[in-house]
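Commentary on secondary and tertiary structure
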Amino acid sequence: MTEYKLTEYSHSSGCGCKIAPDVLEKILQGKYASFNDAHLLVGNDTKDDAAVYDLGNGTALISTVDFFMPIVDDAFSFGQIAAANAISDIYAMGGKPILATAILGWPVSKLPPELAGEVINGAKEKCAEAGIVLAGGHSIDSPEPFFGLSVNGIVKTDQLKKNSGAKLGDLIYITKKIGSGILATALKRKVIAPEHEEELIQGLKKLNTIGTILGTKEYVTALTDVTGFGLLGHLIEMMDGANLSAEINYSAITLMNGVAENASKMIVPDNLYRNWNSYEKKVKLHLPEAFFSLCDPQTNGGLLLTINPTHQSELEDLLKQNGLEEFAKPIGITRSKSEIRVEVK
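For the structure given in this document, a descriptive report is provided here. (Residues numbered from 1 in each chain as written. Predicted model: local features only at pLDDT ≥ 70, side-chain atom pairs only at ≥ 80, totals over all residues. Heavy atoms only, no water.)

1. So, the overall build of the chain
Secondary structure summary: the chain contains eleven helices and 13 strands in total. In terms of overall size, the chain behaves like a compact globule, its C-alpha atoms giving a radius of gyration of 19 Å where 345 residues would be expected to give roughly 20 Å. By principal-axis analysis of the C-alpha atoms, the chain measures approximately 60 × 50 × 45 Å. Going through the 345 residues of the chain one by one, you find that 53% of them count as buried. Working note: accessible area of the chain is about 15200 Å², and carbon and sulfur atoms make up 52% of it. Of the charged side chains in the chain, 32 are positive and 42 negative, and the gap between their average positions amounts to 4 Å. (Helix = DSSP H or I, 4+ residues; strand = E, 2+ residues; numbered from the N terminus. Rg over C-alpha atoms; globule rule 2.2 N^0.38 Å. Buried < 20%, exposed > 50% of the residue type's maximum accessible area, 1.4 Å probe, protein only. Areas by Shrake-Rupley, 256 points an atom, 1.4 Å probe, with all protein chains shown as cover. Lys, Arg positive; Asp, Glu negative; His and termini not counted. Charge placed at Lys NZ, Arg CZ, Asp CG, Glu CD.)

Rendered as structure tokens:
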């Protein structure tokens, strides 16, 4: 039986497929005014993770869509990862996912339909873990394979979390290791160590379910997830939205095993450099080694959050209770706004 490696059929992978932040900004600068709807709480005029619509009964609907090309070779794992990544946008708004539909592009002349079925099966498994149904979707014949989900969720309107709510002096946390883009590049180039591949896949498949709990905590002032723009890019979005800057302690950030080793060999994704070119004027790096990991495009990365510092112990206890002990420490703090949005020491 022929063994197909999905990463050989796409030019890029995971959230590394995303258009660079500066290019995306140009795309969204439309000259036509959008229809105004008073019930729309969050739309595309902000850089949040999903759209949010007020249902008028103290509850809001969260709606998102996310898809990308294969980041791993195994079809079932690809489906799991793509689903977990899409669902994460609901968690990143403090919400609870309720329903998903699939988006599938498949090169039917190159890859068998049974393999696409395995992608769908992986997504169904991950949706079931999140407590939702994969209820339908849409598919096309495409030159390269891609897959993702459109996901809906709900949240109490007064518990909605945005990426722009940080306050001066807030502590900054992240709930996953970083470096998935670098390790995925090593996988695509067939130079990844087996133990590093296993850690990569396990991290990519992990749901950010803690987001629903964080949504209920008033002391969480801002929330987002780290994906294609890297930790720096998404933190800059948070600081821009809050009119603040941030100071990051690089030694407090946990890297996946093998990230530093591969980066030293220049085994890094192209989008890493495009990310840096988009926001380099807003960043000051005191540590050269931080460049690769902090610009690295993540797929289904951790939740990035800011909290009122008087609740530090409460948050860290919460993280520990939910199996996130190694992330129960701040990686930085918000400062007064300056030309430099993020300083890394």
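2. Quick word on the nonpolar core
Leu149 and Leu235 are the most contacted members of the largest nonpolar core, which has 85 residues in total. Each residue touching Leu149, except ones within four places of it in the same chain, is listed here: Thr64, Val65, Asp66, Ala83, Ala86, Ile87, Ala100, Thr101, Ala102, Ile103, Cys127 and Leu134. By size, the runner-up hydrophobic cluster in this structure holds 17 residues, among which are Tyr173, Leu214, Leu223 and Leu303. (Core = buried A, V, L, I, M, F, W, Y, C linked by side-chain atoms within 4.5 Å. Contact = heavy atoms within 4.5 Å.)

3. Comments concerning unusual backbone geometry
One non-glycine residue, Lys190, adopts positive backbone phi at about 65°. With respect to the helices, strands and loops of the structure, Lys190 is situated in the loop between α4 (180-188) and α5 (194-205). The residue Asn300 is not glycine, and still its phi comes out positive at about 45°. Mapping Asn300 onto the fold places it in the loop between α10 (290-295) and β11 (303-307).

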